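The residues making up each chain are set out below.
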Amino acid sequence: MLSQQAMSDRLEIETVLVRYVNAIDTRDFDALDAVFTPDARIDYTAMGGMAGSYAEVRPWLADVLPRFPAYYHLLGNIAATIDGDSAHSRTACFNPMTVELAGGVQQTMFLGLWYIDDWLRTPEGWRITRRIEEKCFDHNVPAPMNTGTQAS
């Protein structure tokens with residue numbers, strides 16, 4: 001049986017995960033400050049993105065994601081292990097993204113991935129200190145997709 005603290009921690013972590021996808025999907029990149037610690041490390045390379053510090057990745061997301069006419073993120077299967085003021089989670093993500101091809105034709109690609117996250121309880125609440133994307137599948141990705149143009 002989960003303690004009240006464990007249930008609260010899990011709910012807070014799930015809330016931050018949803019805050020992340022809402023920030024990305026609404027293109028409110030300032031809201032990511034309430035998701036990551038300032039010194040967080042992020043690795044999106046498994047799905048064609050970049051790796052770096054939060055300070056490097058945040059402006060990259062703001063530059064790259066508006067190039068996609070439409071996208072959204074659907075999360076599920078959140079597995080979180082909490083140990084005091086730190087935690088680790090693995091979260092499934094389904095991410096369809098529309099790309100514009102030559103001649104204005106649009107095509108939707110389907111990306112399946114996991115977010116592998118390390119967490120820290122801060123005075124402001126739980127924050128991600130390290131995120132690694134792990135690829136599960138992709139479908140209908142136009143060839144060639146330029147490396148560094150995809151983002152999640």
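The structure reproduced in this document is the subject of the present report. (Residues numbered from 1 in each chain as written. Predicted model: local features only at pLDDT ≥ 70, side-chain atom pairs only at ≥ 80, totals over all residues. Heavy atoms only, no water.)

**Here we look at the side chain of Asp118**
No. 1: Looking at where Asp118 falls in the secondary structure, it is placed in strand S6 (residues 106-122).
No. 2: For Asp118, the side chain forms a polar contact with the side chain of His88, separated by 2.7 Å.
No. 3: Ignoring anything within four residues of it in the chain, the contact list for Asp118 reads Ala87, His88, Arg127, Ile128, Thr129 and Arg130. (Helix = DSSP H or I, 4+ residues; strand = E, 2+ residues; numbered from the N terminus. Polar contact = N/O pair within 3.5 Å; in protein donor to acceptor, adjacent residues only side chain to side chain. Contact = heavy atoms within 4.5 Å.)

**With respect to unusual backbone geometry**
Glycine aside, negative phi is the norm for most residues, and most peptide bonds take the trans geometry.
No. 1: Not every positive phi belongs to a glycine, and Arg27 is a case in point at roughly 60°.
No. 2: Mapped onto the secondary structure, Arg27 falls in the loop between helix H1 (4-25) and strand S1 (36-43).
No. 3: Judged by relative accessible area, Arg27 falls into the partly exposed class, the value being 31%.
No. 4: Within the chain, Asn77 stands out as a residue other than glycine whose phi angle is a positive 50°. (Buried < 20%, exposed > 50% of the residue type's maximum accessible area, 1.4 Å probe, protein only.)

**Side note on the pairing of S1**
No. 1: Taken together, the 4 bridges between S1 and strand S7 (residues 125-139) define a ladder with parallel strand orientation. Bridge pairing in S7 links Arg41 to Arg130.
No. 2: Where S1 meets strand S2 (residues 51-53), 3 bridges bridge the pair, whose relative direction is antiparallel. Residue Asp43 lies in a different strand from S2, and its bridge partner there is Ala51. (Pairing = 2+ DSSP bridges.)

**Here we look at the pattern of salt bridges**
Should their charged atoms come close, side chains of opposite charge can pair.
No. 1: Under the definition given, this model contains 10 salt bridges.
No. 2: Arg90 is the partner of Glu134 in a salt bridge, and the nearest nitrogen-oxygen pair spans 3.1 Å. Taken together, the residues Glu134 in strand S7 and Arg90 in strand S5 (residues 86-100) connect sequence positions 44 residues apart.
No. 3: We classify Arg90 as partly exposed; its relative accessible area is 34%.
No. 4: A network of salt bridges, in which partner residues are shared, links Asp9, Asp85 and Arg121. (Salt bridge = Lys/Arg side-chain N within 4 Å of Asp/Glu carboxyl O.)

**Section: the side chain of Thr91**
No. 1: Mapped onto the elements of the fold, Thr91 is located in strand S5.
No. 2: Once you skip the residues sitting within four places of it in the chain, Thr91 turns out to touch Leu17, Leu75, Gly76, Asn77, Ile78, Leu113, Trp114 and Tyr115.

**Considerations on the packing of aromatic side chains**
The geometry of an aromatic ring pair is captured by the separation of the ring centres together with the interplanar angle, meaning the angle of the planes.
No. 1: In total, this model carries 5 aromatic pairs according to the counting rule given.
No. 2: For the ring pair Tyr20 and Phe36, a centre distance of 6.0 Å and an interplane angle of 85° mean the geometry is edge-to-face. With Tyr20 in helix H1 and Phe36 in strand S1, the pair connects residues that are 16 residues apart, well separated along the chain.
No. 3: Classification of Tyr20 by relative accessible area gives buried; the value is 0%.
No. 4: Residue classification places Phe36 among the buried residues on the basis of a relative accessible area of 3%.
No. 5: Note on Phe94 and Phe110: the rings are 6.0 Å apart at their centroids and 5° apart in plane angle, and the pair reads as stacked. Here Phe94, found in strand S5, pairs with Phe110, found in strand S6; they are 16 residues apart in sequence, far enough to count as distant.
No. 6: Given a relative accessible area of 29%, Phe94 falls into the partly exposed group.
No. 7: Three or more aromatic residues joined by ring pairs make a cluster, and in this case those are Tyr20, Phe36, Tyr54 and Tyr115. (Phe/Tyr/Trp six-rings, centres within 6.5 Å; stacked < 30°, edge-to-face > 60°.)

**What to know about helix H2 (residues 54-64)**
No. 1: Burial in H2 covers these residues: Tyr54, Val57, Trp60, Leu61 and Val64. In an axial view of H2, the angular spread of the buried residues amounts to 130°, which keeps them on one side of the axis.
No. 2: Looking at the buried residues of H2, the elements they touch are H1, S1 and S2. (Arc of directions from axis to C-beta.)

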